[in-house]
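Structural characterization, general
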Amino acid sequence: MLEPLGNGILTIVQWQYLLPLFLGTLIGVVGGALPGVTITLTIIVLLPFTFGLDPLQGLAAMTGVYVGGSAGGLITATLLGIPGTPSAIATTFDGFPMARNGEPGRAIWLGIWSSFFGGLLGGLFLILVTGPLAAIALRFGPWEYFSLFVLALAMVAGLAEGTLLKGLISAGIGLVVTMVGSDPIGGIPRFAFDSDFLRGGFPFLPVLIGVFAFSQIMTDVESLGRPKSGQAGAALARSSLSASHLKTIGEILGRPLLLLWSTVVGILIGVLPAVGGSAANMLAYDQAKKLSSHPDRFGKGTPEGIIAAESANNANVGGSLVTIMAFGIPGDAVTAVMLGAMTIHGIQSGPLFVSQNVELAYGIYAAYIVAHPLMVAIMAVSALIMLRVTQVRLSVLAPVVLVLCVVGAYAVGNTMSSVYVLVIFGAVGYALVKTGFPLAPLILGLILGEQIELNLVRSIMTDDDPWLFVTRPISGGLLLAAALSVALSVWQHLRHASRTRKVEADF
Amino acid sequence: MRLGRDGVIGLICFAVSLALLVQSFSLPQLPLTPVGPGFYPRIVLGLLGMAGLGLLLQDLLAARADGPVSGGEPRPTAGVHRRVILLFGIIAAYVLLLPVLGFRSSTALFVLALQPAIEWPVTARAWAAVVAIAIATPLAAYLVFEKYLLVLLPRGSLTGW
Amino acid sequence: MKRTWALSFALLLGAALVSPAAAQYPDRPVKLIVPWAAGGDTDNIFRPFTPHLQKHLGQPVVIANVGGASGTVGAREARNAPADGYTVYAVHDYIHLTYYAGIADVKYTDFEPVCLISATPSVLTASAKTPWKDWKELVADAKKRPGEITVGATLGSTSHLFPATIEKAAGIKLKYVSYDGLAPRMNAILGGHIDLTDSNLTQKGKVDAGQLRFLAIATEKRDPDLPGVPTLKELGLQIVYEVQRGLMVPKGTPAPVRAKLGEACAKAAAEPEFAAALKKQGTRVSYLDSQAYAGFLDKLDADNKALMTDLGLAKK
């Protein structure tokens, strides 16, 4: 195993492979950082350029995009409070407050180094335990997926700041949004009121970008006239991006359990097809909050939040490469395009892929590993440029960011309806934020909604015995975990509430 | 009886859930599937409706307990409010113009309109910058996305451009 | 402020109107709507096709993946696109099926055919976790426990119709579970969560590894790459089933534009490189020009309508 990997790395560092890998990583970072442009879109755009290359060159470039993109999203998430890609949603929760508190350098470098370590750890799992991980993926039938997503949804209780009820409603709205359009089983129009626009449904990406970008920009606009923002702006201007790397790395490696656990969460979500980096990122964040001794610091700029979120989304990349290597089954939209590129090059994917194409397979592993130091180097430079961006006046930044959002929303399907969805949900997101509803549960509902329904109906179609959800061991275990998770968050909530009440009483 | 903001939202939430719930029963059923397209929505809408009702009750109880309680954060002034509405208006106009005028023209107009709406330029130089950015943004986006990366941008039905 | 506004508006509008109108088609990139996600079967066939098409068309051809609701979102999008030849629609048999199943209101007659480019034979595939070694054992088992053997399928699409025709011809009863797209079906069948599915030759790697079994192929003759897999005809079922993929444009597209597209398509489909690329997708080139394709579509539509009615799946 080590020998082919060593050979793979020796191959990858030759310039004809290193160059596409570097360019791929660079494009990935840029695409990931641009709000509205996802990793999927970036890789589709890159695809035609790879037709002329040899397979490993093309796949190296794509691996680079995937790794770079998963990290690139953190720049926008931290500096602007808008996730550059869906997999950086949870990074905004603590990264943005930390940057606003005058430590953008620390926030960004915490993110970069967490991505680096999370990604490499993920790679270790990818290379060493592909087989067992892939076996887990096969054990997951519709019942297990359903229970897993219920567990993920149970996070709402943990993610809801303020009242539990508002978090619940927010998640419910997210779930309802995914129902509009047509039902995912038979394609029957549902809640569409005979409108062609509604029948197309609300695609995830424009909704996500709309909700985050608009509410953030409008909140910034509101605070333009206030002296408070002047101070924050000054703090941002004063603070440089410089951060002590040793200290930052120490902060991350000083929490080995957090890093390891977030990585494991990221990998597992990656291995299981259907949900991707966005869920990994949020689940790991929630786990970190649950297991933390001071959960109340989350959301205010705690390093743990950034470490968990960013190590998980890069580990997720390693995870989703597992199924493609083991079975030739794509785990998400990005790996689907990679697999497409492989078949276009005539590589027979499947369980025998690794043993039949040793050089190519280990070349991909090597590309994955080498992409990480490249990513750190690229991020170091682009983060410097991005910090300049935050010093740009809002009157210039806002229109440019909004135009990018429009381009991104339009580009995936080339349809105006996605752009309308973007604006409608921009307004919805702003209204929700103004009325004190947390956005995280909404996003979670959006991510999981369709998959919960699909797997629920699939299980009923496969076998009409409802007890299977409980009696199948993995499914039952996941449901139990969901129940425990809710109980734990409710307890944390109550404890927090009683503590604040005590403080109030002291006044 | 006084209804707070949360109460109103709870009520809306409850009403919408109820309306959709009623609609979910009239959805056609595919002969192939044991449960129809309304099965899962009914579960979610039921829970959402209850949560809405819960919020309404919570608000009513809270209002009775300690009188008028407002949202927490200070309400923004009317001026700020008007500006946000103006911005949303400009964005809506942009999105409606896009399929008519095409990406390049409407984006130029949008960037031109949005900048002064956020911050009114005082000097002539600032105005020049506003115009320059309004022209540069669509141009750069067009060159990078459509010309170089082949990511197509909206064309105007009126202009074909 | 108002004046500046009006002035710049007028200027831009003027500039836009003066710009060269419809010059020689095509004078800008052409959009190809693929109604499924990137990396799917259909996408994998049209991806290697577009470079050839754009070479002969003289303008970039850009794929737009408009997925969702069994491919009907993309169909509707294509139908509503301007009929100027700058929007081309990649289609397969599903357009007939979704219409008759009542899932979509888009019919193939909403478009003008340009050309047919490929045919992909369906292969009946079983999970390695099932006990059956061949078709006979499957039938025997299915007769023993009717309605218990599960089939993963995109409901109302080709992967549903193909097993349904077999079911009817063999006189057995199967149970369908909704899995949209080949990738989720493969995931489920490898794990044994479904027993059967429709797949194609691209999945040969998994068969070689012993994780899947090809039971029968729906071609006239055995495939040279799968000499051990019998055809359904050999097994006594008169079923030949291939997924036919082609290009169409919205109704009302001018004839010269269609002619130009058709010409480019003919040249592109004749490229040996394209044939080689399709072979890797378990697919053969099957070219028909617009006229022949039109007749073919009429026949296909009538066949599919009859099939759907026959199977009790038709609503219209």
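Residues numbered from 1 in each chain as written. Chains lettered and ligands numbered in written order. Predicted model: local features only at pLDDT ≥ 70, side-chain atom pairs only at ≥ 80, totals over all residues. Heavy atoms only, no water.

**Describing the overall build of chain C**
Regarding its fold elements, chain C presents 11 helices and 11 strands. Here chain C, with 316 residues, has 58% of them falling under the buried criterion. Computed over 37 positive and 31 negative side-chain charges, the inter-centroid distance for chain C is 3 Å. (Helix = DSSP H or I, 4+ residues; strand = E, 2+ residues; numbered from the N terminus. Buried < 20%, exposed > 50% of the residue type's maximum accessible area, 1.4 Å probe, protein only. Lys, Arg positive; Asp, Glu negative; His and termini not counted. Charge placed at Lys NZ, Arg CZ, Asp CG, Glu CD.)

**Here's the deal with the interface of chain B and chain A**
Each side of the interface is counted separately: chain B has 56 residues, and chain A has 57 residues. Summing the contributions of chain B and of chain A, the shared interface buries around 5,000 Å²; its carbon and sulfur component is 83%. Three residues, Tyr 40, Phe 88 and Ile 118 of chain B, lead the burial of chain B against chain A; their summed loss comes to 13% of the area buried on that side. Summed over the shared surface of chain B and chain A, the result is two salt bridges. Residues Arg 393 of chain A and Glu 119 of chain B are paired through a salt bridge, measuring 3.0 Å at the closest nitrogen-oxygen approach. (Contact = heavy atoms within 4.5 Å. Buried area = accessible area lost by both parts, 1.4 Å probe. Salt bridge = Lys/Arg side-chain N within 4 Å of Asp/Glu carboxyl O.)

**Some words on the domain arrangement of chain B**
Annotation of chain B at the domain level lists domain 1 (5-66) and domain 2 (78-148). Put simply, the middle of domain 1 of chain B and the middle of domain 2 of chain B, counted by C-alpha atoms, are 39 Å apart. (Domains from an automatic or database assignment.)

**Description of the packing of aromatic side chains**
All names here are of chain A. Across all of its chains, the model carries 24 aromatic pairs over all chains by this definition. Seen in terms of ring centroids, Trp 109 and Trp 113 are 6.0 Å apart; in terms of plane orientation they differ by 35 degrees. Their pairing is tilted. Of this pair, Trp 109 and Trp 113 both sit in helix α6 (residues 104-128), separated by four residues, roughly a single helical turn. As far as the burial class goes, Trp 109 and Trp 113 line up, both buried. When the centroid spacing of 5.3 Å and the interplanar angle of 75 degrees are considered together, the rings of Phe 116 and Phe 117 count as edge-to-face. (Phe/Tyr/Trp six-rings, centres within 6.5 Å; stacked < 30°, edge-to-face > 60°.)

**Topic: the nonpolar core**
Ranked by size, the top nonpolar core spans 256 residues in total, and within it Ile 12, Met 282 and Leu 448 of chain A, Phe 110 of chain B together with Leu 196 of chain C carry the most contacts. Per-element accounting of this core gives the leading share, 18 residues, to helix α19 (residues 358-391) of chain A. When near neighbours in sequence (up to four residues on either side) are disregarded, Phe 110 of chain B contacts Pro 399, Leu 402 and Val 403 of chain A together with Ile 90, Ile 91 and Tyr 94 of chain B. Core analysis: the second largest hydrophobic core is formed by 27 residues, Val 30, Ile 63, Cys 115 and Val 257 of chain C among them. (Core = buried A, V, L, I, M, F, W, Y, C linked by side-chain atoms within 4.5 Å.)

**Topic: the sheet that holds strand β6 (residues 150-153) of chain C**
Residues and elements named next belong to chain C. Here we have five strands laid out as an open sheet, ordered β7-β6-β8-β5-β9, and mixed in their pairing. The open sheet is flanked by β7 (175-178) and β9 (212-217), the only strands paired with a single partner. Here the average twist between neighbouring strands, direction ignored, is 35 degrees. Sheet analysis places β6 next to strand β8 (residues 196-199), joined by two bridges and oriented parallel. (Pairing = 2+ DSSP bridges. Axes fitted to C-alpha atoms, helices over the stretch in contact; angles between N-to-C directions.)

**Some thoughts on the packing of helix α5 (residues 89-100) of chain A against helix α11 (residues 204-222) of chain A**
All names here are of chain A. Two numbers describe how α5 lies on α11: the axes approach to 13 Å, and their chain directions differ by 15 degrees. Considered as vectors, α5 and α11 are oriented roughly parallel to each other. The chirality of how α5 crosses α11 is right-handed. Within the contact between the two elements, α5 uses Ile 89, Thr 92, Phe 96 and Arg 100 and α11 uses Leu 208, Phe 212, Gln 216 and Asp 220. (Parallel < 35°, antiparallel > 145°, perpendicular 65-115°, else oblique. Left-handed = near helix turned anticlockwise from the far one by under 90°.)

**What about the packing of helix α2 (residues 41-57) of chain C against helix α9 (residues 255-269) of chain C?**
Residue and element names in this part refer to chain C. Two elements in contact, α2 and α9, have axes separated by 8 Å at closest approach and are oriented at 130 degrees. Of the possible angle classes, the one that applies to α2 and α9 is oblique. Two packed elements cross with a definite hand, and for α2 against α9 that hand is right-handed. Of the residues in α9, those touching α2 at Phe 49, His 52, Leu 53, His 56 and Leu 57 are Lys 260, Leu 261, Ala 264, Cys 265, Lys 267, Ala 268 and Ala 269. Broken down by class, the residue content of the contact of α2 with α9 amounts to eight nonpolar, two polar and two charged. (Nonpolar A, V, L, I, M, F, W, Y, C, P; charged D, E, K, R; others polar.)

**Here we look at helix α7 (residues 182-190) of chain C**
Residues and elements named next belong to chain C. Within α7, seven of the nine residues are buried, leaving the element largely enclosed by the surrounding structure. When we look at burial in α7, the residues that qualify are Leu 182, Arg 185, Met 186, Asn 187, Ala 188, Ile 189 and Leu 190. Looking one or two residues beyond α7, the residue adopting positive phi is Gly 192, at roughly 75 degrees.

**Considerations on the pattern of salt bridges**
Proximity of charged atoms lets side chains of opposite charge pair with each other. Residues and elements named next belong to chain C. In this structure the tally under the stated criterion is 30 salt bridges over all chains. For Lys 267, the salt bridge goes to Glu 263, with nearest N and O atoms at 3.6 Å. Note that Lys 267 and Glu 263 are positioned in helix α9 at a spacing of four residues, about one turn of the helix. Taking the relative accessible area as the measure of exposure, Lys 267 reaches 43% and is therefore partly exposed.

**Overview of the state of the cysteines**
All names here are of chain C. Evaluation of the coordinates by the stated rule reveals one disulfide over all chains. Here Cys 115 is linked by a disulfide to Cys 265, with a sulfur-sulfur distance of 1.9 Å. Here the disulfide of Cys 115 and Cys 265 is right-handed, its torsion about the S-S bond being about 85 degrees. Here the residue Cys 115 occupies a position in strand β4 (residues 111-121), and Cys 265 occupies one in helix α9, the gap between them amounting to 150 residues. The same class applies to Cys 115 and to Cys 265, which are both buried. (Disulfide = S-S within 2.5 Å.)

**Some points on the domain arrangement of chain C**
Residues and elements named next belong to chain C. The domain architecture assigned to chain C consists of domain 1 (29-120 + 244-310) and domain 2 (123-217). Just the C-alpha atoms count here: the centres of domain 1 and domain 2 sit 27 Å apart. Each partner contributes to the interface: domain 1 provides 16 residues, whereas domain 2 provides 13 residues. Counting the surface lost from both domain 1 and domain 2, the interface buries some 1,000 Å², and carbon and sulfur atoms represent 64% of this. Put simply, domain 1 and domain 2 have zero salt bridges between them. Put simply, domain 1 and domain 2 have one residue pair in polar contact (both at pLDDT 80 or more) between them. At the level of elements, α4 (94-100) and α11 (290-311) are the ones that each hand at least two residues to the side of domain 1 that touches domain 2. The leading source of residues in the side of domain 1 that touches domain 2 is α11, at four residues. Among the residues forming the side of domain 1 that touches domain 2, the class breakdown is five nonpolar, seven polar and four charged. (Polar contact = N/O pair within 3.5 Å; in protein donor to acceptor, adjacent residues only side chain to side chain.)

**A short note on the pairing of β7 of chain C**
Residue and element names in this part refer to chain C. When β6 meets β7, the two strands line up parallel, connected through four bridges. Across the sheet, residue Gly 152 finds its bridge partner in β7, namely Val 177. In the classification by handedness, the crossover that spans β6, the intervening helix α6 (residues 158-170) and the parallel β7 is right-handed. (Right-handed = clockwise from strand over helix to strand, strands pointing away.)

**What to know about unusual backbone geometry**
All names here are of chain A. One non-glycine residue, Phe 191, lies in positive phi territory at about 50 degrees. Taking relative accessible area as the criterion, Phe 191 reaches 3% and is therefore assigned buried. Notably, Asp 194 is not glycine yet its phi reads approximately 60 degrees, a positive angle. With respect to the secondary-structure elements, Asp 194 resides in the loop between β2 (189-190) and α10 (196-199).

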